[in-house]
Amino acid sequence: MNLTEQLKAKRIESEAARDKIQVETMRRATEQLLNEGVGNNALGVGDTIPPFALPNAHGRQIKIADLLERGPIILTFYRGGWCPYCNLELRAYQKNLAKIKSHGAQVVAVSPELPDQSLSNKEKLALDFQVLSDVGNAVADNFGLVFQMPNNLAEVYQQLNCDITKHNGDETWKLPVPATYLVAPDHRIIFSYVNADYLKRADPQQVLMSLVDWKLHA
């Protein structure tokens, strides 16, 4: 199955394991974000990404400018290792990592989780690419991706024993909209996928096609 099919199967499985009130609360929260246009003003194709440096899973500061000197980057913002849909996405990029590297590109994943949490997830998923911690969502905010989780949705996650505040090290209950960018070495965005519906993600094959096309015309 491709990533889109995996995400659909996971949604069906997850909803079957929850009560109807939890499922409906999560659906309405997503609809609210979409209706409010969350993510609509995020950076997109043609924009230049802001410079940033973030700690990786081992606590070492990684400058995005240094990575871009080596070639284009697939930059993906995800909610956290507690999110099964995010983990499916990260696994999909790991599966396609050899192809991505063969085209001279790298993958960089960013979440608001603490470095220790990022390290645990990196090891659990056996990820062979940089996983960075944007604690406080400062970088994601500069990309126009951050939203405030509604109180009723936060209650559902707590009922599911998922305390996002412990993962992120703050009490804000703020998260980034899942987003994937392909960034050229000149820091310009050449592919963008931003969707407030966390059940939908850019398939790595789609991003690979954009990478190949960029290389042909660069």
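Residues numbered from 1 in each chain as written. Predicted model: local features only at pLDDT ≥ 70, side-chain atom pairs only at ≥ 80, totals over all residues. Heavy atoms only, no water.

1. Some thoughts on empty space enclosed by the protein
Rolled over the atoms, a probe as big as a water molecule pinpoints where empty space is left. All told, the structure shown has one cavity of 30 Å³ or more when counted by the stated rule. Roughly 90 Å³ of volume is contained in the largest cavity. Lining of the largest cavity is provided by 14 residues; of these, Thr30, Leu33, Arg79, Leu153 and Tyr198 occupy positions nearest its centre. Going through the elements one at a time, helix H2 (20-35), helix H8 (151-159) and strand E7 (174-176) are the ones with two or more residues in the lining of the largest cavity. If one sorts the elements of the lining of the largest cavity by residue count, H2 sits on top with four residues. (1 Å grid on protein atoms, 1.4 Å probe; cavity = no way out; pocket = protein on both sides within 12 Å on 5 of 7 lines; lining within 4 Å. Points joined across faces, edges and corners; volume = space filled by probe spheres on them. Helix = DSSP H or I, 4+ residues; strand = E, 2+ residues; numbered from the N terminus.)

2. Description of the packing of aromatic side chains
Taken as a whole and judged by the stated rule, the model has six aromatic pairs. Pairing Phe77 with Phe143 gives two aromatic rings, centres 4.9 Å apart and planes at 55 degrees, and the pair type is tilted. Linking Phe77 in strand E3 (residues 73-77) with Phe143 in the loop between helix H7 (138-142) and strand E6 (146-148), this pair joins segments that are 66 residues apart in sequence. In this structure, Phe77 and Phe143 share a single accessibility class: buried. Measuring from centroid to centroid gives 5.6 Å for Tyr85 and Tyr198, while their planes differ by 65 degrees, and the two rings are edge-to-face. Of this pair, Tyr85 sits in helix H4 (residues 84-95) while Tyr198 sits in the loop between strand E9 (189-194) and helix H10 (204-217), and the two are 113 residues apart along the sequence. (Phe/Tyr/Trp six-rings, centres within 6.5 Å; stacked < 30°, edge-to-face > 60°. Buried < 20%, exposed > 50% of the residue type's maximum accessible area, 1.4 Å probe, protein only.)

3. Some details on the packing of H2 against H8
Relative to each other, H2 and H8 sit at 140 degrees, their axes nearing to 9 Å. Taken together, the axes of H2 and H8 lie oblique to each other. Seen along the crossing, H2 lies across H8 with a hand that is left-handed. Residues Gln22, Thr25, Met26 and Ala29 of H2 lie in contact with H8, whose contacting residues are Asn152, Leu153, Val156, Tyr157 and Gln159. Among the residues making up the contact of H2 with H8, the classes are represented as five nonpolar, four polar and no charged. (Axes fitted to C-alpha atoms, helices over the stretch in contact; angles between N-to-C directions. Parallel < 35°, antiparallel > 145°, perpendicular 65-115°, else oblique. Left-handed = near helix turned anticlockwise from the far one by under 90°. Contact = heavy atoms within 4.5 Å. Nonpolar A, V, L, I, M, F, W, Y, C, P; charged D, E, K, R; others polar.)

4. Quick word on H2
The terminal C-alpha atoms of H2, which comprises 16 residues, lie 22 Å apart, in line with the 22 Å expected from a rise of 1.5 Å per residue. The set of residues buried in H2 consists of Gln22, Val23, Thr25, Met26, Ala29, Thr30 and Leu33. On an axial view of H2, the arc spanned by its buried residues comes to 165 degrees, and they lie on one face. Opposite the buried face of H2, at more than 90 degrees from it, the exposed residues are Lys20, Ile21, Arg28 and Asn35. Of the surrounding elements, those touching the buried residues of H2 are helix H1 (3-16), E6 and H8. Backbone nitrogen of Ile21 and a side-chain oxygen of the N-cap are separated by 3.1 Å at the start of H2; the cap is Asp19. (Expected span 1.5 Å × (residues − 1). Arc of directions from axis to C-beta. Polar contact = N/O pair within 3.5 Å; in protein donor to acceptor, adjacent residues only side chain to side chain.)

5. Some words on the packing of H1 against H4
Working note: a packed helix pair is described by the angle between its axes plus the distance between those axes. Packing of H1 against H4 brings their axes to within 10 Å, and their N-to-C directions diverge by 155 degrees. With respect to H4, the element H1 is oriented roughly antiparallel. As for the relative orientation of H1 and H4, their crossing is right-handed in sense. Contact with H1, carried on its side by Leu3, Gln6, Leu7, Lys10, Arg11 and Ser14, involves Pro84, Tyr85, Leu88, Glu89 and Ala92 of H4 and no other residues of that element. Taken together, the residues of the contact of H1 with H4 break down into six nonpolar, two polar and three charged.

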